[in-house]
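# Chains, contacts and geometry: an overview
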Amino acid sequence: MTKRQKRLTLVLGVLAGVAIATGLILNAFRDAMVFFVTPSEVMAMTEMPERKFRIGGLVEAGSVVRDQQTVQVTFRVTDTAVSVPVTFEGILPDLFREGQGVVAEGRIDSQGVFHADKVLARHDEEYMPAEAQAAIERAGHPPGAGKGY
Amino acid sequence: MLPELGNFALVLALCLAIAQSVLPLIGASTGNEPLMRTGRSLAVGQFVFLVFSYFALTWAFVVSDFSVEYVARNSNLALPMQYKITAVWGGHEGSLLMWVTILAAWGVAVAAFSKALPREMLARVMGVLGMVSVGFLAFTVLTSNPFNRLLRVPADGADLNPLLQDPGMIVHPPLLYMGYVGMSVVFAFAIAALISGRLDAAWARWSRPWTTVAWCFMTLGIGVGSWWAYYELGWGGWWFWDPVENASFMPWLVATALIHSLAVTEKRGGFKVWTLMLAILAFALTILGAFIVRSGVITSVHSFAADPDRGIFLLGMLAVTLLGALLLYALRAPRVGFGGGFGWYSRESLLLGNNVLLAVACAAVFVGTFYPLALDAFGLGKISVGPPYFDSVFLPLMIPLLFLVGIAPQVAWKLADPVETARQLRWAFLAALAISVVWPLTMGLWKPLTALGLGLAAWILLTAALDIRNRMMRRRSQGIGSMVRSLRPSFFGMHLAHAGLAIVVVAISMVNSYEVDRDVRLGPGETASAGGFEFTLMGVEPVRGPNYDADQATIIVTRNEAHVAVLTPQRRYYDSQPENPMLQASLNRRPTRDVYVSLGERLEGEAWLVRLHYKPYMFWMWTGGLLMAFGGFLAAADRRYRLARDRAFITEEGLAPPKRPVGREVLE
């Protein structure tokens, strides 16, 4: 091969590698993408999606019920307009509170109960999860709470 | 009074930085030697003022001067003294002050250790470092001054975030900042090379140790951060693909590519413009990391709006850096050129493979981190991509990368023979294959992915051992002393770092396949099992810490009736925020597994929620990380680089650097 051909082969090789990688990234992205849905949007669903998704909002006051014999806990996530029942098995995050922002990731069953396999609460004292805040704002009730300094 | 002096010193440092970003560059372009020399003294002056400023802030914490807003927010009277001192970098403003202080320290180090650099080159490096300093100091003074006073002085401060009251927190940020900030030095070298349009082997030899040292600190910082998340957060994970973690991982990936690309630039004069591009990108990614962490864009898009100045300032800095650097790059890179050619199978081509894989990995992390943010910022909906995305992208990228790690060090520069490599490495390959079959069986269940991971790790370790052996055997006739001396630090350090990587791969393969995390309800005397261990709750008592109350459980761990450990996880209620309990995990570590437990909520009666973890080979993760950093430090300490500095005098006088022979003896 001439020098020119060699260089061309090299460039083509790198390009092919990058193309494969791009395909890989896009494919993985499509599979792993988790959409965010507000409680109002969940209520408006006509058929329940198979995919995992996230819901966010406030933990409805007085809705947290901890089963005393198992590790199951149930609560309702509200965007101040409607609320969705959620069940979760395990230890909730440190900063999980009634009346505070929360995001849950999981699947919904045909009864409309959301089975969370991940629950995220506020990161620290000062903020609420962005998604929770967005859910409340989309429902038309901008909250004053949740901001610190 | 002291805080005002600290503030004054901070502003003075900014003034010196402004001078440093102008004078040496003018000197370098006009050939004015006194002006060129100002760079060094200005850097020292800046450092002195910043150290003073830093101590002024520390003192405010030590004496609990709550008239300083930052102290009032991040400390209180009951905070133990060691955490008062570390609280200096526990919040945004103070950590930024630490950042600029470390930046100034790197500047002084460059000035001190680069006396043999050509004058113009050193002046330009100092000038660019001055510009970086101006950016971060202006950011501190204008948007995040840690010395702001409160008009009404509170009787007590708020508190340091209890999560940060941990030894991991003491070392994690300084290490990571050392790494981040070290990238500015690499960037300064790259820009200086672009300004002069000259990029030779000597330049690469000067840049290499700085890059490697910065990379080592970054590795340590990321490792400690991972350890801290694993232990202190008690979630049982060691890496979450969280945007803040990704912010540190992206520059690390690029810096890793840069180290390898610099090797080609130094040894073979190749990859020149690519090396410069990586140096610019690594630095830009550290600013981007600062933006992610500090603008509030992650915790909440709305807190970004609440404090837009910081985010906009950092974005502006990123834009100026990238535009300026890339413009210069576009103008000058053609003059620098790509450098020497090489055969399709050679160490260069394999290192090119390394660079492409690492760059793509970085791009994948970038997409996964920023695409959801961008989508949200433009109001196109909210999505998130979690660990499944990163896992499925990383796996196919890392497999060929790890395979290459075993081959590239053994392959000659310029042109090599794949048949020869195959012949050399066939036994290592077969042994690695055997290990990949047998090792997973020790865990009771054979899994293909674990086998692949362990096989690749064994492949790296075996080929490294083989390479070391071959090198020593070549000097066999000259006695044992000569054999040991043939293992030059740069050669041995490289293999140590690769071995560290292999050990981390072992940990990842094992823990991902065989870990067990269980949340259980335990009453007094009740037992639950996880990973072959039995956990019995003996009881829970209240205990008192220096600034918190805690419920402390006593849990006895046994395996097949044999006693293993007594674990005492706590649920802490800090005095400053008793309504927010914090988990404090308790851990029992052995070389091939961790068991640890964290204490959740109390249920009715005396029962508690308890999280049980069984984590095989976690210890290898931290050991591997340490080994990588140690290998890097060793390589950077090679005498070769110091000799290179002395040789620079010759280059400066117009003599070409000695032609290096191309042969086996310079292949490290």
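Just so it is clear, the model here is predicted, and its values are computed rather than measured.

Bringing the overall build of chain A into the picture now. Each helix and strand counted, chain A has three helices and seven strands in total. In chain A, the succession of α and β elements from N to C terminus is α-β-α-β-β-β-β-β-β-α. Burial analysis of chain A (149 residues in total) assigns 37% to the buried set. Considering only contacts in chain A between residues 6 or more positions apart, those separated by 24 or more positions represent 52%.

Here we come to the overall build of chain B. A tally of regular secondary structure across chain B gives 20 helices and eleven strands. What you see for chain B is a C-alpha radius of gyration of 27 Å, in line with the 26 Å of a compact globule of 668 residues. Projected onto its principal axes, the C-alpha coordinates of chain B cover approximately 85 × 70 × 55 Å. Looking at chain B as a whole, 54% of its 668 residues qualify as buried. Look at the contacts in chain B between residues 6 or more apart in sequence, and 74% of them connect residues 24 or more apart.

A separate point is the domain arrangement of chain B. Residues and elements named next belong to chain B. Taken domain by domain, chain B comprises domain 1 (2-340) and domain 2 (516-619). With centres defined by C-alpha atoms, the gap from domain 1 to domain 2 works out at 39 Å. Taken together, the contact between domain 1 and domain 2 spans eleven residues of the former and 15 residues of the latter. For the side of domain 1 that touches domain 2, the class distribution of residues is seven nonpolar, three polar and one charged.

By a widely used convention, the size of an interface equals the accessible area lost when the partners come together. Taken residue by residue, the interface counts 39 residues in chain A and 37 residues in chain B. If you list the elements that add at least two residues to the side of chain A that touches chain B, you get α1 (3-32), β1 (33-37) and α3 (130-138) of chain A. Per-element accounting of the side of chain A that touches chain B gives the leading share, 14 residues, to α1(A). The residue makeup of the side of chain A that touches chain B, split by class, is 21 nonpolar, seven polar and eleven charged. One ladder, built from three bridges, connects β1(A) with strand β1 (residues 383-385) of chain B; its direction is antiparallel. Within the sheet, the bridge partner assigned to Phe35(A) lies in β1(B) and is Ile383(B).

Below, the discussion takes up the nonpolar core. By size, the foremost hydrophobic cluster in this structure holds 252 residues, and its most contacted members are Val186(B), Val254(B), Ala282(B), Ile460(B) and Ala507(B). When sequence neighbours within four positions are dropped, the list of residues in contact with Ala507(B) reads Tyr617(B), Met618(B), Trp620(B), Met621(B) and Gly624(B).

This next bit is on the sheet that holds strand β10 (residues 593-602) of chain B. All names here are of chain B. Taking strand neighbours across the sheet as the criterion, the four strands line up as β2-β11-β10-β9 in an open arrangement whose pairing is antiparallel. At either margin of the open sheet sits one strand with a lone partner, and together these are β2 (516-522) and β9 (586-590). Along the sheet, successive strands turn relative to each other by an average axial angle of 15 degrees, direction set aside.

Residues and elements named next belong to chain A. Sheet analysis places strand β2 (residues 53-59) next to strand β6 (residues 101-108), joined by six bridges and oriented antiparallel. Along β6, the bridge assignment pairs leucine 58 with glycine 101. Summarising the sheet, β6 and strand β7 (residues 114-121) pair through seven bridges and their orientation is antiparallel. Note that in β7 the partner of isoleucine 108 across the bridge is phenylalanine 114. The antiparallel hairpin formed by β6 and β7 contains five residues in its connecting segment, where glycine 112 sits at a positive phi of about 85 degrees.

Residues and elements named next belong to chain B. An ideal rise of 1.5 Å per residue puts 45 Å on 31 residues; helix α8 (residues 201-231) measures up with 44 Å between its terminal C-alpha atoms. When the local axis directions of α8 are compared, the greatest deviation, roughly 25 degrees, occurs at serine 207, which is followed within four positions by the proline proline 209. Burial analysis of α8 places 29 of its 31 residues in the buried class, the great majority of the element.

Residues and elements named next belong to chain B. When pLDDT is averaged along chain B, the result is 89; 94% of the residues meet or exceed 70. Ignoring residues within four places in sequence, the model shows residues 300-306, a span with pLDDT below 50, making 15 contacts including any to other chains. Of the regions scoring below 50 in pLDDT, residues 648-668 engages in 24 contacts with residues more than four places distant in sequence or in other chains. The complex prediction reports pTM at 0.91, with the ipTM value standing at 0.81.

Turning next to the environment of Glu89(A). Of note, Glu89(A) is situated in strand β5 (residues 83-89). Residue class for Glu89(A) comes out partly exposed when judged on the 13 C-beta atoms lying within 10 Å of it. Between the C-alpha atoms of Glu89(A) and Thr70(A), which are 19 residues apart in sequence, the distance is 8.4 Å. Among all residues touching Glu89(A), those that are not within four sequence positions of it are Val71(A), Gln72(A) and Asp519(B).

Turning our attention to the UniProt feature "domain: Cytochrome c-type biogenesis protein CcmF C-terminal" (unreviewed entry) in chain B. Mapped onto this numbering, the UniProt entry annotates "domain: Cytochrome c-type biogenesis protein CcmF C-terminal" (unreviewed entry) at residues 315-639 of chain B. End C-alpha to end C-alpha, residues 315-639 of chain B measures 40 Å, and it is 53% helix and 23% strand.

All right, on to helix α13 (residues 347-377) of chain B then. Residues separated by three or four positions in an α-helix point in the same direction, a consequence of the helix having 3.6 residues per turn. Residue and element names in this part refer to chain B. Here α13 spans 44 Å end to end across 31 residues, near enough to the 45 Å set by a 1.5 Å rise per residue. Maximal helix bending in α13 amounts to about 35 degrees, located at phenylalanine 370; proline proline 372 follows within four positions. Of the residues trailing α13, glycine 379 is marked for its positive phi of about 70 degrees.

Residue and element names in this part refer to chain B. In this structure, phenylalanine 271 is a non-glycine residue whose phi angle is positive, near 60 degrees. By the secondary structure assignment, phenylalanine 271 is in the loop between α9 (243-268) and α10 (272-294). Non-glycine residue tyrosine 617 carries a positive phi angle of around 60 degrees. Residue placement: tyrosine 617 occurs in the loop between β11 (608-616) and α19 (618-636). A count of 24 C-beta atoms within 10 Å places tyrosine 617 in the buried class.

Reading the values: the criteria
Residues numbered from 1 in each chain as written. Chains lettered and ligands numbered in written order. Predicted model: local features only at pLDDT ≥ 70, side-chain atom pairs only at ≥ 80, totals over all residues. Helix = DSSP H or I, 4+ residues; strand = E, 2+ residues; numbered from the N terminus. Buried ≥ 20, exposed ≤ 12 C-beta atoms within 10 Å, placed from the backbone. Contact = placed C-beta atoms within 7 Å. Rg over C-alpha atoms; globule rule 2.2 N^0.38 Å. Domains from an automatic or database assignment. Nonpolar A, V, L, I, M, F, W, Y, C, P; charged D, E, K, R; others polar. Pairing = 2+ DSSP bridges. Core = buried A, V, L, I, M, F, W, Y, C linked by C-beta atoms within 7 Å. Axes fitted to C-alpha atoms, helices over the stretch in contact; angles between N-to-C directions. Expected span 1.5 Å × (residues − 1). Bend = angle between axes of the 7 residues up to and from the residue. pLDDT = per-residue confidence, 0-100. UniProt positions renumbered as here; feature names shortened; annotations may be inferred.

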